[in-house]
Amino acid sequence: MGSILYLLRKNIKNAIVDTFRHPMKLIVYGLIAASLVYAVVRGFTMEVDVDDMLDSRILYGAYLALLYFISIPIMLKGLSTGSSFFTLSDVTNIFTAPISPKKILVYGIGKQLATSLFLVVCFSAYGSMAIKMFELTIGGALLLVGGIALMLLIVQIMTLLIFCICSSKPSLSIYFKLFIFSLALFALGTTTAFMFSTSMTLENLYTAISEEYLEYVPIIGWVHGVVFGLISGSTTKVMIYSSLLLVLCIISVIVFMHAKLDYYENVISRAESYYEFRESIRSGTMSDKVLMGSRKIKLRKMGINKGSGASAIFFKHLREGSRRSRFMFFNINTVVLIGISAVIGLVMKTFFYKYWQITYIYIADVIICSYVQFFFSAAGDWVKELNKPYIFLIPDSSVKKLIMAGATSIIKPFCDGMISFFFLWILVGGSPIDALACALAYGSFGCIYISSNILAQRIVGISGNRGVFITFYMGIMIVLMVPGILAGFFCLTFITWELKVIATTVICIPIIIWNIFISFMIFLMCRNLLNNIE
Amino acid sequence: MLNVSHLTKKYNRFVANNNMSFMVNEGEIAVLAGPNGAGKSTAIKCIAGLLRFDGEIEICGYSNKSIEAKRLLGYIPEIPAPFELLTVWEHMEFIARAYKLKDWRERAEMLIKRMELDDKRDKTGKELSKGMQQKISICCALLIEPKVVLFDEPFVGLDPHAIKELKAMLFELKEKGVTIIISTHMLDSVEEFWDKILIMMNGRIEAERERKFVEKSGENLEELFFKITEKNSTGAV
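Calculation notes
Residues numbered from 1 in each chain as written. Chains lettered and ligands numbered in written order. Predicted model: local features only at pLDDT ≥ 70, side-chain atom pairs only at ≥ 80, totals over all residues. Helix = DSSP H or I, 4+ residues; strand = E, 2+ residues; numbered from the N terminus. Rg over C-alpha atoms; globule rule 2.2 N^0.38 Å. Buried ≥ 20, exposed ≤ 12 C-beta atoms within 10 Å, placed from the backbone. Contact = placed C-beta atoms within 7 Å. Nonpolar A, V, L, I, M, F, W, Y, C, P; charged D, E, K, R; others polar. Pairing = 2+ DSSP bridges. Axes fitted to C-alpha atoms, helices over the stretch in contact; angles between N-to-C directions. Expected span 1.5 Å × (residues − 1). Domains from an automatic or database assignment.

1. Some thoughts on the overall build of chain B
In step 1: Along the backbone of chain B there are eight helices and 10 strands.
In step 2: Rg of the C-alpha trace for chain B: 18 Å, near the compact-globule value of 18 Å for 237 residues, within the 12% margin.
In step 3: Expressed along its principal axes, the backbone C-alpha trace of chain B runs to roughly 50 × 35 × 30 Å.
In step 4: Taken over 237 residues, chain B has a buried fraction of 49%.

Structure, rendered in structure tokens:
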């Protein structure tokens, strides 16, 4: 164990030293710390009117959702037999050392816990806000933060238990998976059932998410019960739920002590793919190999069949797209987008429609979906092309190569926008022109993402520092977006009450024009980007 | 023909290539030799037009950044980077289309066969081992019938058959008058066919020898290599 402790000590020390050697990292950490301090100070100093105070049932439901959000992914990791507890260097150096597998497992899970504790620090910053918004005492806020820490601890112990059992009997993992999903489904199912059995009002939603039977859910509900039992002074509740948790922990520890662990083989291949994934994020070289993992590729149509010179890149992207998804531009991202768009639309229509116009639904949908699109754009064809030398070697003009390499990344958001806003229009109604305008606005944000990426690559260099690149990329993106959004809302001020039915389109048109115009200008400005790899 | 004149490449204050000048004629095989970190790969990347640099590089009379030069240049990177979702044959097709090649199929067939990739033609880049991926890189670079070929550590990861076949291809390219540059730190892998050797250290060319000179003088190349690289000298030998 001494060697593991030494490794941990040195890792922590070197991480701190490394932070001071990389000013950008230090600035980012400084900004996170400053924002957390700001959140605490703002929480304590903000003036909240009695009318603005939130229903305590929201806190009850939101806290339960938070516990689910923290615990379910960690428990699922336990099922994948330790995939991300260990890095590739752990595998090559620690697994081969004469150290007990149990100690190594505790080390792996301990590292995971340290990462999770960062979450507690982040959420604790919002404790002060909760004090004001929900009229909590400081003790109550501390209990909420303590509850998260307790949840993390128990969920790690549970992960140990799941891991021990599944590594010796992998066939049992399906039952654990069912158990973990049933925990989530119970909460979702009972809430949905309550809403359908009553009526779709905000009041009923608050009641549904604060029902006491949600605390019957093993582990997550029990932790929730202990915390809210302490806050409300319900000794019986605290005693019952804390006893249940204690028994579960004792059983887990006993199982762990008696388990014969042989998990190295399971971990190795996963550690390798996790290493590749991490490295690709670190270096900004996302590839299909990393994204698709061990998924079998269906070849379907063969050959590139079209294109000459730079345009061959575009047709190559089409062929690659057809291998990622049968429907080329419509893939899992499209499905996720339709889902998000539909949920936002339905929730807003159901609960807020009395107060808000349909314009708000469409605009909120454009904003949230465009935000989600940012994460999808990180793995666009254009980004992947830069990781290989061919685009730089092809004997054609740089601007042609730039346009052809970016074409699919431009077309895809427009296709996604069309389909998801078509579904939204079916669900919430309104004018089809509004839906079309929103789809185009969503697509035009895709142009902004790719042009910001190109401009950031131009400034920082294709092989430049990733941290600096991302900072520039985000900064440029915000600067490019703002004029279009401001112009959209400025045009809205000219809309009279009679013309309010076209408000969505009026906001979207300036955004679309600006986004496409500025993106085109950036493509022209950066036309020499592909002259070299730097 | 390749003409490198006063090539200097800097990364901030670090000088990766320091005022390198050399020429490789048609049908010559030049070897860039040197220990790890000597600047061989950086020089190769500069010649391939992938990096910014100071100085001049000409490929058959054209600036290496020009489209004309790119048309004449084949580059095999040290780390193979195939397209994960394209099959072996589609790599050939893509290169043929991107370089606007005519009548390329027969040549592609021949290259694939010689690199023993013919039974893997419908396998995607993702499904291939590192060695196979390296073979694709070689096929792609040679498909365009280049006048200048740059090989960056070409033998690393190849199986014995592929090494034998690649060496045979090098002789054939040489016969056809193709200018070849190979970067390596393993002198014995190139001893059969080099015409010119440039021994690099700390970004500089510390020694330049021609085969006929070495054969005449009886100078031991390996001894010269170690003399330069182990004493970390700075003056030209």
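Moving on from the coordinates now.
2. Structural notes on the interface of chain B and chain A
Size of an interface, as often reported, equals the accessible area lost when the parts are brought together.
In step 1: Taken together, the contacts link 27 residues of chain B with 29 residues of chain A.
In step 2: Of all the secondary-structure elements, those providing two or more residues to the side of chain B that touches chain A are helix 2 (67-72) and helix 3 (88-98) of chain B.
In step 3: Sort the elements by how many residues they give to the side of chain B that touches chain A and helix 3 of chain B lands first, with five residues.
In step 4: Each residue belonging to the side of chain B that touches chain A can be placed in one class, and the counts come to 13 nonpolar, three polar and 11 charged.

3. Digging into the sheet that holds strand 9 (residues 196-201) of chain B
Residue and element names in this part refer to chain B.
In step 1: In space, the six strands of this open sheet follow the order 6-7-8-3-9-10, with mixed pairing throughout. Only two strands of the sheet have a single neighbouring strand rather than two, namely strand 6 (73-76) and strand 10 (204-210). Adjacent strand axes in the sheet meet at a mean angle of 15°, parallel and antiparallel pairs treated alike.
In step 2: Here strand 6 runs beside strand 7 (residues 148-152); their pairing, made up of four bridges, is parallel. In the sheet register, L73 faces strand 7, and the bridge partner there is V148.

4. Quick word on the pairing of strand 3 (residues 29-33) of chain B
All names here are of chain B.
In step 1: The element strand 3 is largely enclosed, with a buried count of five among its five residues.
In step 2: By the alternation rule, side chains of strand 3 split into I29, V31 and A33 and A30 and L32, which are all buried.
In step 3: Pairing of strand 3 with strand 8 (residues 179-184), which is carried by five bridges, proceeds in the parallel orientation. Pairing of V31 across the sheet is with I182, part of strand 8.
In step 4: Direction of pairing for strand 3 relative to strand 9: parallel, over a ladder of four bridges. When the sheet's bridge partners are listed, V31 is paired in strand 9 with I197.

5. Describing unusual backbone geometry
Residues and elements named next belong to chain B.
In step 1: Unusually for a residue other than glycine, E145 sits at a positive phi of about 50°.
In step 2: Its location among the elements puts E145 in the loop between helix 5 (130-143) and strand 7.
In step 3: E145 gets classed as partly exposed once you count the C-beta atoms within 10 Å, which come to 14.

6. Overview of helix 1 (residues 2-21) of chain A
In step 1: Spanning 20 residues, helix 1 of chain A covers 28 Å between terminal C-alpha atoms, matching the ideal 28 Å at 1.5 Å per step.
In step 2: Within helix 1 of chain A, only zero of the 20 residues are buried, leaving the element largely exposed.

7. Remarks on the sheet that holds strand 1 (residues 2-11) of chain B
All names here are of chain B.
In step 1: Strands sit in the order 2-1-4-5 across an open sheet of four strands; the sheet is antiparallel. This sheet does not close on itself; its edge strands, each paired only once, are strand 2 (14-24) and strand 5 (62-63).
In step 2: Alignment of strand 1 against strand 2, held across seven bridges, turns out to be antiparallel. Paired with L2 across the strands is V24, a residue of strand 2.

8. Let's talk about the domain arrangement of chain A
In step 1: Here chain A is described as being made up of domain 1 (52-274) and domain 2 (311-531).
In step 2: With centres defined by C-alpha atoms, the gap from domain 1 of chain A to domain 2 of chain A works out at 36 Å.

9. Here's the deal with the domain arrangement of chain B
All names here are of chain B.
In step 1: With domains assigned, chain B is organised as domain 1 (1-23 + 34-65 + 195-237) and domain 2 (82-186).
In step 2: Relative placement of domain 1 and domain 2: their C-alpha centres are 25 Å apart.
In step 3: At four residues, helix 1 (residues 40-47) tops the list of elements feeding residues into the side of domain 1 that touches domain 2.
In step 4: Class assignment for the residues of the side of domain 1 that touches domain 2 results in eight nonpolar, three polar and one charged.

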